[in-house]
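Per-entry structural report
The primary structure of each chain is shown beneath.
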Amino acid sequence: MKRYALISGIAYLLIFATGFYANFTVIESLVDWNNMAITTQNFVQFHSNLRMGLLAFLAMLFFDVVLVFTLFPLTQRAQKSLTYAASSLRMLHAIGFAIGLFGLFKIYRTTTNGKNQGVEGLEWTIQQALHHFDTVWTIALVLFGIHLFLLGYLSIRYSAFPKLIGLFLVVAASGYLVDSCAKLLLPTYIDFKHIFESIVIFTGILGEFTLTIWLLVKGLMAYK
């Protein structure tokens, strides 16, 4: 079990690294939701950055799938049916994210073909592809939030992980669910985007990063 904990901890750590790089260093620096002309120009001008972001997202997706299979044996002794549900939700999130990534691949392909032709006429295609990526991933994050809630419940009720970490995971789940539902349902979400993102980052670090540290410590204990 300690080997699964170590693998899970390493995978989670790499998800943090690749996810923060791809989303906040690359995508956030290229996308201006209020000006698609500037966004299109950024994708054309900084094409190599988009490629690196895509590679980082693919790595994040890979490690997320790894966690589906390594967290399962760590939690199944607590309550098998809920563990199956939690694992299935994380896998559905990964599948949804993969589907969403097709939007970014479309942008990459479009800007590859159009970078020598200027940005005229590309804005609509890029806007639609970005909307696909953002919407599908947001829906997938709703499933991910429920997954974290189940992990938290398994910890609090059945001691899958320490109860305090379980509480933190429930808080993290709430952050994802509040942000995702607001993005899907709140017309003025863009005006409060930074507030909601701060909530997700804070609660995610509180819950998921705390779990990551615990998994790494537990896993490394096997080698002492």
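First, a word on scope: everything that follows refers to the structure included in this document. (Residues numbered from 1 in each chain as written. Predicted model: local features only at pLDDT ≥ 70, side-chain atom pairs only at ≥ 80, totals over all residues. Heavy atoms only, no water.)

**Comments concerning the packing of helix α6 (residues 163-185) against helix α7 (residues 193-220)**
Interhelical geometry of α6 versus α7 gives an angle of 150° and a closest axis separation of 8 Å. Our classification of the angle between α6 and α7 gives roughly antiparallel. For α6 against α7, the interelement crossing comes out left-handed. Residue-level inspection shows Ile165, Phe168, Leu169, Val171, Ala172, Gly175, Tyr176, Val178, Asp179 and Ala182 of α6 in contact with α7, the latter providing Phe196, Glu197, Ile199, Val200, Thr203, Gly204, Leu206, Gly207, Glu208, Thr210, Leu211 and Trp214. (Axes fitted to C-alpha atoms, helices over the stretch in contact; angles between N-to-C directions. Helix = DSSP H or I, 4+ residues; strand = E, 2+ residues; numbered from the N terminus. Parallel < 35°, antiparallel > 145°, perpendicular 65-115°, else oblique. Left-handed = near helix turned anticlockwise from the far one by under 90°. Contact = heavy atoms within 4.5 Å.)

**Quick look at the pattern of salt bridges**
The full count for this structure, using the stated rule, is four salt bridges. In this structure, the salt-bridge partner of lysine 193 is glutamate 28, at a minimum N-O distance of 3.0 Å. Linking lysine 193 in helix α7 with glutamate 28 in helix α1 (residues 2-30), this pair joins segments that are 165 residues apart in sequence. Across the pair lysine 183 and aspartate 134 runs a salt bridge whose closest N-O atoms are separated by 3.4 Å. A residue pair is termed long-range when its members are at least 10 positions apart, and lysine 183 in helix α6 and aspartate 134 in helix α5 (residues 123-158) qualify at 49 residues. Judged by relative accessible area, lysine 183 falls into the partly exposed class, the value being 26%. Each of Glu28, Lys193 and Glu197 takes part in a single network of salt bridges with overlapping partners. (Salt bridge = Lys/Arg side-chain N within 4 Å of Asp/Glu carboxyl O. Buried < 20%, exposed > 50% of the residue type's maximum accessible area, 1.4 Å probe, protein only.)

**Some remarks on the side chain of threonine 75**
Structurally, threonine 75 is set in helix α3 (residues 47-75). Exposure remark for threonine 75: the relative accessible area of 2% places this residue in the buried category. Those residues within four positions of threonine 75 in sequence are excluded, and the remaining contacts are Thr83, Leu151, Leu154, Ala160 and Phe161.

**Some thoughts on the packing of aromatic side chains**
One pass over the full model with this rule turns up 16 aromatic pairs. Between tyrosine 12 and phenylalanine 16 the ring centres are 6.2 Å apart and the planes differ by 35°, which places this aromatic pair in the tilted class. Of this pair, tyrosine 12 and phenylalanine 16 both sit in helix α1, four residues apart, roughly one helical turn. By relative accessible area, which is 0% here, tyrosine 12 ends up buried. Judged by its relative accessible area of 15%, phenylalanine 16 falls in the buried class. By the ring-pair criterion, three or more aromatic residues cluster together here, those being Tyr12, Phe16, Phe20, Phe24 and Phe209. Arginine 157 extends its terminal NZ or CZ atom over the ring of tyrosine 158, reaching a point 4.9 Å from the ring centre. (Phe/Tyr/Trp six-rings, centres within 6.5 Å; stacked < 30°, edge-to-face > 60°. Lys NZ or Arg CZ within 6 Å of the ring centre and 35° of its normal.)

**Examining the nonpolar core**
Core analysis: the largest hydrophobic core is formed by 51 residues, its most contacted members being Phe57, Leu104, Leu148 and Phe161. Only α1, α2 (36-45), α3, α4 (80-114), α5, α6 and α7 provide two or more residues apiece to this core. Here this core gets 11 residues from one element, more than from any other, and that element is α5. Those residues in contact with leucine 148 that lie beyond four places of it in its chain are Tyr12, Leu169, Ala172, Ala173, Tyr176 and Glu208. (Core = buried A, V, L, I, M, F, W, Y, C linked by side-chain atoms within 4.5 Å.)

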